[in-house]
Amino acid sequence: MKLFVTNAQLLQQAKKEGYAIGAFNANNMEIVQAIIETAEEERAPVILQASQGAIQYAGVDYIAAMVRVAAEKATVPVALHLDHGTSFEQNIECIRAGFSSVMFDGSKLPLQENIAITKRVCDVAHIVGVSVEGELGQIPKSGENVTREQLEKMMANPAEAEEFVKKTGVDALAIAVGNVHGMKTQEAQIDIARIEKIRKLTDIPLVLHGASGIPDESVKKAIKAGICKINIDTELRKAFVRGISTVLKENPNEIDPRKILGKAKAEMKEAVREKIRLFGCNNKA
Ligand code: G3H
Ligand code: 13P
Ligand code: ZN
């Protein structure tokens, strides 16, 4: 039996049963442990994902090895996914490193180019049983000072989503619906009707990025509308750093990294737990 499940397996089940799987960004050992231990405690299937930044920071082999060890110990299903891979080559490198799912993010490319490269990734990935996420529309970063009007123009177009899914064969589609990466407060206003429209036209699991900035009530509505995978990073970073600050405030002379990072991990576990429960994937393993 394979160690990792694919996103496709997890998301099809979530789609059928009306919940979403949490996809959490992993950058180091404490973060990997925080995510897996909490998923285990909550009996939740889980996706650990590595961004290009994470791969640059830790190395693709380190990330794959850490998640492999964690998954070997886990009894819940675990997927290892590439988050926002912007090159064909990097997608292939991650497949070779043992990832069970990849993402080709061609959202900055013209539509037909995005379709062509995403299809190439799908053609290769599917041969070796790896699933693929594509992206449509542009999701800005917090701090880019995008107006509401600009944000609306950046949203995924439903007719293009239908064409994209038909022509590429992707297993999941990330859509821009007013979500913004890296928000520190939950103030994003997302277009739920657009999610529903895209779900009806594509009938595949949809993915919501930048979910740290989305109010809980909107997250619940988004899941009802067709979102099956929810990406969270910023909220986990905040929890991790809060843990570090707390220890250093209480004991400015602390020099044992285990005591500092141990508290960071504990804070992060509670943030992961809150999201798993919000997404309704607890007790679904
Ligand atoms: O969507 C982006 C994730 O938050 C990853 O961020 O590129 O800084 O690792 P990063
Ligand atoms: P946040 O950092 O805004 O939660 O977004 C995470 C994400 O979308 C990773 O792909
Ligand atoms: Zn993202």
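Predicted model, so just to flag it, every value in this text is computed and none were measured.

The number of helices and strands found in the protein chain is 12 helices and eight strands. Taken over 285 residues, the protein chain has a buried fraction of 56%. A separation threshold of at least 6 residues defines the contact pool for the protein chain, and within that pool the share at least 24 residues apart is 73%. A total of about 13100 Å² of accessible surface is found on the protein chain, and carbon and sulfur atoms cover 52% of it. Between the mean site of the 37 positive side-chain charges and the mean site of the 37 negative ones, the protein chain shows a separation of 3 Å.

For the structure on display, the rule yields 23 salt bridges. Between Glu 42 and Arg 277 there is a salt bridge, and its shortest N-O distance comes to 2.8 Å. Here the residue Glu 42 occupies a position in helix α2 (residues 29-42), and Arg 277 occupies one in helix α12 (residues 257-279), the gap between them amounting to 235 residues. Of the residues examined, Glu 42 reaches a relative accessible area of 7% and is grouped as buried. The salt bridge partner of Asp 233 is Arg 237, with a shortest N-O separation of 2.9 Å. Taking relative accessible area as the criterion, Asp 233 reaches 17% and is therefore assigned buried. Counted as one network, the salt bridges with shared partners bring together Glu 37, Glu 41, Glu 42, Lys 265, Lys 269, Glu 270, Arg 273 and Arg 277.

Now for the environment of Glu 133. Among the secondary structure elements, Glu 133 is positioned in strand β5 (residues 131-136). Assessed through its relative accessible area of 1%, Glu 133 is described here as buried. Considering only alpha carbons, one finds Glu 133 and Ala 50, 83 residues apart in sequence, at a separation of 14 Å. The contact partners of Glu 133, leaving out residues within four places of it in the chain, are His 81, Val 102, Met 103, Phe 104, Val 170, Ala 172, Ala 174, Val 207, His 209 and Lys 229. Of the polar contacts made by the side chain of Glu 133, one reaches the side chain of His 81; its length is 3.2 Å.

Counting residues in each nonpolar core, the largest one holds 96 residues, and the members touching the most others are Val 78, Phe 99 and Ile 195. If we ignore the near neighbours within four places in the chain, the residues touching Phe 99 are Ala 50, Val 60, Ile 63, Ala 64, Leu 80, His 81, Leu 82, Cys 94 and Val 130.

The next point concerns the site of ligand 2. Close to ligand 2 lie 14 residues, the nearest being Asp 83, Gly 182, Gly 210, Ser 212 and Thr 234. Contacts to ligand 2 include His 181, whose side-chain N or O atom sits 3.0 Å from an oxygen atom. Asn 231 places a side-chain nitrogen or oxygen 3.0 Å from an oxygen atom of ligand 2. When ligand 2 sits alone it has 300 Å² of accessible area, and the protein chains cover 95% of it. Grouping the constituent residues of the shell around ligand 2 by class yields two nonpolar, 10 polar and two charged.

Cut-off values and rules
- Note on numbering: residues in each chain are counted from 1, in written sequence order.
- For naming, the first written chain is A and the first written ligand is 1, with later ones following in the order written.
- Given that the model is predicted, a residue must reach a pLDDT of at least 70 before its local features are reported, and side-chain atom pairs must reach 80 or more before they are shown or counted; all residues, however, enter totals for whole chains, interfaces and linings.
- Processing note: side-chain calculations cover all non-hydrogen atoms of the structure and skip hydrogens and water entirely.
- Put simply, DSSP H or I for four residues or longer makes a helix, DSSP E for two residues or longer makes a strand, and each gets a number counted from the N terminus.
- Classification of residues uses two cut-offs on accessible area relative to the type maximum, computed with a 1.4 Å probe and protein chains only: under 20% is buried, over 50% is exposed, and between them is partly exposed.
- By definition, residues are in contact when any of their heavy atoms lie within 4.5 Å.
- Per-residue accessibility takes into account occlusion by the displayed protein chains alone, with areas from the Shrake-Rupley method and a 1.4 Å probe.
- Residues counted as positive are Lys and Arg, residues counted as negative are Asp and Glu, and His and the chain ends are not counted.
- For this purpose, a charge sits on NZ of Lys, CZ of Arg, CG of Asp or CD of Glu.
- Salt bridge, as used here, is a side-chain nitrogen of Lys or Arg placed within 4 Å of a carboxyl oxygen of Asp or Glu.
- Nitrogen and oxygen atoms within 3.5 Å of one another constitute a polar contact, given that in protein one can donate a hydrogen and the other can accept it, and given that sequence-neighbouring residues count only through two side-chain atoms.
- What is meant by a nonpolar core is a set of buried Ala, Val, Leu, Ile, Met, Phe, Trp, Tyr and Cys residues, joined one to another through side-chain atoms within 4.5 Å.
- Residues are classed as near a molecule or strand on a simple rule: at least one heavy atom within 4 Å of it.
- Note that Gly is not counted as nonpolar here; it falls among the polar residues with everything else outside the nonpolar set of Ala, Val, Leu, Ile, Met, Phe, Trp, Tyr, Cys and Pro and the charged set of Asp, Glu, Lys and Arg.

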